Structure formats: structure tokens, C-alpha cells
Amino acid sequence: GAGVSQSPSNKVTEKGKDVELRCDPISGHTALYWYRQSLGQGLEFLIYFQGNSAPDKSGLPSDRFSAERTGGSVSTLTIQRTQQEDSAVYLCASSSQRGGNTGELFFGEGSRLTVL
Amino acid sequence: AQSVTQPDIHITVSEGASLELRCNYSYGATPYLFWYVQSPGQGLQLLLKYFSGDTLVQGIKGFEAEFKRSQSSFNLRKPSVHWSDAAEYFCAVGAMNDYKLSFGAGTTVTVRA
């Protein structure tokens, strides 16, 4: 597609349930990022992929969070046993930048997660 | 580790007035600097970026920003705001050999008629 696509746009779940958030980056972009945006907060870095590998998972808040990327394209962020503090907007971004340099990130519209 | 501070949480400005949003960064190496805008319900859109060269950079929608190394600042300006500029603005810092982009907490801009 023309831009970064994320689904679902909105997800309401009950505490303790698992959720999966999907990101389809811009075609050809090798770098993919997940950020979390909580109310009144900036963007919190979660994880970075270069191709299918994730050299930096340091931002994942706990072992309930995991992410994978297949075929150098689509990525899935999984949150197990959701907690109320997981409620946030999860933003995905992709970039054509290689070699570990910061480039322009193109963002999706985000997946808003509400945990009741 | 790099960090970004946006001192103003919320700014209200009259339509047609000038706007300046402050951004201070902390980074040991030469920074790459970005400003993004997020309109309600939308993803983040890049306004402008600075990698090197001329310290005054022009962006989209009539915005500009000036890199001041001595002040570790990268303030965003617009001479005359439009109602459509009401949004949240984020400053971000990255670098060569650093894939991570670190964001400030954002400044919400309200435009009054």
C-alpha cells in the first residue's frame, strides 16, 4: 500500500486477555518500529526490526510483550495477559534507512488499545 | 542516551499570529533532528528534518526550524498560524549509527479564531 497500515484501529479487551496488533509497512522499507503513546506522554520506543531480526527489544515493558516480523514485511505485536496499564495507542513506523542510521520514519495511524 | 525536552505542554495562539515551539535535546554525538505533527486521529507526519548544513531548515505547511548547537535547541516556528495547524507537535532526535528516534512529550497547539 501507499502508507503504513495498522489494524485494528481500535481494540477493547478485558484484563487478562491476549491481543495482537498488526502492522503492514510501506513496501520495500526494511526498518520497522513499534512505539507506544500513552495519554499525556511522548512516544515510548518498544522495538526495532531490520528485516526480520530485532536487534533492539530493549523497550518492551515486560515479558508479556513480544513482536515478530515475517518476510521482511508484516509485523505483529502481541500482548499477553493484558493489564489496564497497557491501554495506549500503539504506533508502527517504517523507514527505508539501512545501516543503522536514523532516517525519516513513516507512521501508521495507530491501534488504540483499551483494557477494561 | 539521548533525550528530548519540550518545555511547553500546551500553547494557545490566535489565528494569524506567530508560533514558536521549543525543543531542547541531549545527545553526545551530532544529532539528527526532526519535527512531527499529529492531527487528531491521525498518524505522525514529518514537518521537517535537520541532518547537517544550513542550520535553518524549511518544512512543509510553512514551518521552519533553527538548529542552535550552542543551546542544544531546535525550535519550530511559523510566522502566521492557520486554524488547521491545531495539532500536537513532537520533536525527535536520532543520529548517524543510531537507528532509534527518541521523542519529546509533545506540545499541543490550540488555535483560537
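The structure under discussion appears in the preceding block.
Below: a short report on this structure. (Residues numbered from 1 in each chain as written. Chains lettered and ligands numbered in written order. Predicted model: local features only at pLDDT ≥ 70, side-chain atom pairs only at ≥ 80, totals over all residues. Heavy atoms only, no water.)

**What to know about the sheet that holds strand β3 (residues 19-24) of chain A**
Residue and element names in this part refer to chain A. Spatially, β1-β3-β8-β7 is the arrangement adopted by the four strands of the open sheet, whose pairing is antiparallel. This sheet does not close on itself; its edge strands, each paired only once, are β1 (5-7) and β7 (65-69). Strand after strand, the sheet turns through a mean of 15° between neighbouring axes, direction not considered. (Pairing = 2+ DSSP bridges. Helix = DSSP H or I, 4+ residues; strand = E, 2+ residues; numbered from the N terminus. Axes fitted to C-alpha atoms, helices over the stretch in contact; angles between N-to-C directions.)

**Description of empty space enclosed by the protein**
Residues and elements named next belong to chain B. Evaluation of the coordinates by the stated rule reveals one cavity of 30 Å³ or more. Space inside the largest cavity adds up to approximately 40 Å³. What lines the largest cavity is V37, S39, L47, K61, F63, S84, D85, A86, A87 and Y89. Its residues assigned to classes, the lining of the largest cavity comprises six nonpolar, two polar and two charged. (1 Å grid on protein atoms, 1.4 Å probe; cavity = no way out; pocket = protein on both sides within 12 Å on 5 of 7 lines; lining within 4 Å. Points joined across faces, edges and corners; volume = space filled by probe spheres on them. Nonpolar A, V, L, I, M, F, W, Y, C, P; charged D, E, K, R; others polar.)

**Quick notes on the pairing of strand β2 (residues 10-14) of chain B**
All names here are of chain B. Judged by which residues are buried, β2 turns out to be one-sided: I11 and V13 face inward and are buried, whereas H10, T12 and S14, on the alternate face, are not. Bridging between β2 and strand β12 (residues 107-112) involves five bridges; their strand directions are parallel. Counted as the bridge partner of H10 is T108 from β12. (Buried < 20%, exposed > 50% of the residue type's maximum accessible area, 1.4 Å probe, protein only.)

**A word on the state of the cysteines**
By definition, a disulfide links the sulfur atoms of two cysteine residues through a covalent bond. All names here are of chain A. Counted by the stated rule, this structure contains two disulfides over all chains. The disulfide partner of C23 is C92, and the gap between their sulfur atoms is 1.9 Å. Here the disulfide of C23 and C92 is left-handed, its torsion about the S-S bond being about -65°. One end of the pair, C23, is in strand β3; the other, C92, is in strand β9 (residues 88-95), with 69 residues separating them in the sequence. Of the residues examined, C23 reaches a relative accessible area of 0% and is grouped as buried. The class for C92 is buried, based on a relative accessible area of 0%. (Disulfide = S-S within 2.5 Å.)

**So, the nonpolar core**
Residues W35, L48, F74, L76 and Y89 of chain B are the most contacted members of the largest nonpolar core, which totals 26 residues. Counting only elements with at least two residues in this core, the list comes to β2, β3 (19-21), β5 (31-38), β6 (44-50), β8 (64-68), β9 (73-78), β10 (87-95) and β12 of chain B. By size, the runner-up hydrophobic cluster in this structure holds 21 residues, among which are L43 of chain A together with Y36, L44 and A92 of chain B. (Core = buried A, V, L, I, M, F, W, Y, C linked by side-chain atoms within 4.5 Å.)

**Considering the interface of chain A and chain B**
Listed as interface residues are 21 residues of chain A and, on the opposing side, 24 residues of chain B. Summed over both sides, the interface of chain A with chain B buries roughly 1,700 Å², with 53% coming from carbon and sulfur. Applying the counting criterion to the chain A and chain B interface returns two salt bridges. We note a salt bridge from E104 of chain A to K49 of chain B, for which the minimum N-O separation is 3.8 Å. Where chain A packs against chain B, one counts three residue pairs in polar contact (both at pLDDT 80 or more). Elements with a contribution of two residues or more to the side of chain A that touches chain B: β4 (31-37) and β5 (43-50) of chain A. (Contact = heavy atoms within 4.5 Å. Buried area = accessible area lost by both parts, 1.4 Å probe. Salt bridge = Lys/Arg side-chain N within 4 Å of Asp/Glu carboxyl O. Polar contact = N/O pair within 3.5 Å; in protein donor to acceptor, adjacent residues only side chain to side chain.)

**Let's talk about the pattern of salt bridges**
Summed over the entire model, instances satisfying the criterion amount to eight salt bridges over all chains. Two residues, D56 of chain A and K100 of chain B, come together in a salt bridge whose shortest N-O distance is 3.7 Å. With D56 of chain A in strand β6 (residues 53-56) and K100 of chain B in strand β11 (residues 98-103), this residue pair bridges two chains.

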